[in-house]
Amino acid sequence: MDKNKKESLFVNDGIEKPEMINNKAIDSYKKLNRNKELPEDEFIKGILSGNRTILGKAITLVESTLPKHHDLAQRIINSCLKHSGNSIRIGITGVPGVGKSTFIEALGKYLIKQGKKIAVLAIDPSSTISKGSILGDKTRMEELSAMQMAFIRPSPSAGSLGGVAMKTRETIVLCEAAGYDIIFIETVGVGQSEIAVHSMVDFFLLLMLGGAGDELQGIKRGIMEMADGIIINKADADNIKQATRAQAQLSNAIHYFPPSPSDWITKVDTCSAIEEKGLDNVWETIENYVSHTKNNNYFNIRRKEQSKYWMYETINSELKSLFYDNKFIKSKLKIEEERVLKEEKTPFLAAYDMINMFFNEINKKK
Ligand code: GDP
């Protein structure tokens with residue numbers, strides 16, 4: 001066969017395959033970016049003008065564990081504070097598979113059509129415990145993430161749940177200063193992370209499925225009581241009847257829950273996130289809640305309570321890490337623990353002794 005004959009039936013030699021990744025280019029790109037640390041006022045200007053790249057960089061600073069980043073991040077957040085507070089903060093929870101990302105994508109698109117800018121943040125407790133993550137691994141909200149009016153940020157991954165939550169709380173301020181009208185904070189139904197999300201949002205929404213039974217959905221009663229709204233998702237095809245039944249049963253059950261200080265009765269709606277049906281009802285519920293709680297001032301009171309909560313949370317967590325990260329204390333902890341285990345000392349005395357040692361150590365350094 002004549003190999004030089006150019007016909008589709010012949011396979012001609014191709015060119016040599018180039019390297020998949022040009023490492024030199026990547027290195028120089030990294031260097032360029034590393035050297036390009038923005039000054040504080042550039043960060044603030046960028047955020048206030050709604051620049052998503054700068055907003056993303058500022059959030060990376062907030063999430064950084066380096067002390068120099070910490071100080072800069074705190075100054076930026078503080079400068080953004082007077083430009084923040086104008087969004088509706090919505091917490092979303094539910095077991096894996098209930099449809100949280102599908103729902104946020106659908107509602108996000110619905111709100112963008114109304115001219116709203118939306119941000120999606122996440123608190124993923126699994127990423128702090130194991131390296132894997134429940135919320136982050138999937139390809140999520142592809143359509144929404146391609147939209148100019150949306151900003152999507154995965155969960156911070158380092159540190160304790162409290163630390164991750166604190167960073168998300170700080171990120172809310174930056175997103176609000178960047179002009180986002182609606183901020184979704186997503187988490188997964190495993191308990192502690194719901195409490196963290198509840199303490200930073202105006203409206204807490206629980207997604208459930210019809211006909212699955214509460215036990216199966218792993219939803220604790222406490223979480224249902226925290227919800228300002230419940231959605232029975234996947235109300236489509238053969239599921240519609242079950243969803244409507246679950247809606248009626250839950251609406252009934254809610255009357256036996258303790259009254260909420262907001263004087264609002266939790267609303268149960270059905271929706272199909274995948275078919276984008278029922279979103280108008282859900283949004284109406286949220287808008288009704290906002291006007292109800294703004295009228296009776298609960299909206300304001302809740303935000304102030306939350307600010308107070310985060311101040312004390314931050315003090316607690318900072319003091320704790322000051323203590324446990326102290327070199328001298330680290331060297332003494334095991335010894336004191338041994339003494340307690342051998343019953344040479346009570347746990348209380350050991351604790352008081354350690355605290356005294358900590359203060360002596362700090363005073364010595366002055
Ligand atoms: P998440 O783990 O709670 O974020 O759930 P996902 O949004 O990833 O959805 C889990 C699965 O349920 C996916 O296969 C979705 O396509 C599907 N799903 C989500 N919403 C609906 C819905 O309204 N109806 C139906 N039939 N399926 C849905």
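Everything that follows concerns the structure shown earlier in this document.
Values in this document were obtained by computation on a predicted structure and should not be read as measured data.

1. Considering the packing of helix α2 (residues 40-48) against helix α4 (residues 67-81)
Point 1. Remark: α2 packs on α4, axes separated minimally by 10 Å, with the N-to-C direction vectors making an angle of 40°. What the angle tells us is that α2 and α4 run oblique. Between α2 and α4 the crossing geometry is right-handed. Along the contact surface, α2 presents Glu40, Phe43, Ile44 and Ile47, while α4 presents Leu72, Arg75, Ile76, Ser79 and Cys80.
Point 2. Looking at side-chain class alone, the contact of α2 with α4 contains six nonpolar, one polar and two charged residues.

2. Topic: a nonpolar patch on the surface
Point 1. Among the surface-exposed residues, Met311, Tyr312, Ile315, Leu319 and Leu322 lie close enough to one another that they form a single nonpolar patch of about 500 Å² accessible area.
Point 2. You can see methionine 311 is positioned in helix α14 (residues 298-325).
Point 3. Judged by relative accessible area, methionine 311 falls into the partly exposed class, the value being 44%.

3. Focus: the packing of aromatic side chains
Within a pair of aromatic rings, the relevant descriptors are the distance that separates the centres and the angle that separates the planes.
Point 1. Applying the stated rule across the entire model yields seven aromatic pairs.
Point 2. When the ring of phenylalanine 203 is compared with that of tyrosine 289, the centres are 5.1 Å apart and the planes differ by 75°; the resulting orientation is edge-to-face. One end of the pair, phenylalanine 203, is in strand β5 (residues 203-209); the other, tyrosine 289, is in helix α13 (residues 279-295), and 86 residues separate them in sequence. For the pair formed by phenylalanine 203 and tyrosine 289, the shared burial category is buried.
Point 3. Ring geometry for tryptophan 264 versus tyrosine 289: centroids 5.2 Å apart, planes at 85°, classification edge-to-face.

4. Focus: unusual backbone geometry
Point 1. Here glutamate 276, not a glycine, exhibits a phi torsion of approximately 55°, which is positive.
Point 2. Looking at the secondary structure, you find glutamate 276 in the loop between β7 (267-270) and α13.
Point 3. Note on glutamate 276: relative accessible area 37%, which makes it partly exposed.
Point 4. Even without glycine at this site, glutamate 343 takes up a positive phi of about 60°.
Point 5. Note on placement: glutamate 343 falls in the loop between α15 (327-341) and α16 (347-365).
Point 6. Glutamate 343 gets classed as exposed once you look at its relative accessible area, which sits at 71%.

5. Focus: the sheet that holds strand β3 (residues 150-152)
Each strand in a sheet pairs with its neighbour through backbone hydrogen bonds, running either in the same direction (parallel) or in the opposite one (antiparallel).
Point 1. Here we have seven strands laid out as an open sheet, ordered β3-β2-β4-β1-β5-β6-β7, and parallel in their pairing. Both outer strands of the open sheet, β3 and β7, are each paired with one neighbouring strand and no more. Strand after strand, the sheet turns through a mean of 20° between neighbouring axes, direction not considered.
Point 2. Sheet analysis places strand β2 (residues 118-123) next to β3, joined by three bridges and oriented parallel. When the bridges of β3 are listed, isoleucine 118 appears paired with alanine 150.
Point 3. The strands that α13 touches are β1 (88-93), β4 (182-187), β5, β6 (229-233) and β7; relative to β1, the one it contacts most, it runs at about 130°.

Procedures and definitions
- Residues numbered from 1 in each chain as written.
- Predicted model: local features only at pLDDT ≥ 70, side-chain atom pairs only at ≥ 80, totals over all residues.
- Heavy atoms only, no water.
- Axes fitted to C-alpha atoms, helices over the stretch in contact; angles between N-to-C directions.
- Helix = DSSP H or I, 4+ residues; strand = E, 2+ residues; numbered from the N terminus.
- Parallel < 35°, antiparallel > 145°, perpendicular 65-115°, else oblique.
- Left-handed = near helix turned anticlockwise from the far one by under 90°.
- Contact = heavy atoms within 4.5 Å.
- Nonpolar A, V, L, I, M, F, W, Y, C, P; charged D, E, K, R; others polar.
- Patch = residues over 30% accessible without salt bridge, like charges linked within 9 Å, V, L, I, M, F, W, Y side chains within 5 Å.
- Areas by Shrake-Rupley, 256 points an atom, 1.4 Å probe, with all protein chains shown as cover.
- Salt bridge = Lys/Arg side-chain N within 4 Å of Asp/Glu carboxyl O.
- Buried < 20%, exposed > 50% of the residue type's maximum accessible area, 1.4 Å probe, protein only.
- Phe/Tyr/Trp six-rings, centres within 6.5 Å; stacked < 30°, edge-to-face > 60°.
- Pairing = 2+ DSSP bridges.

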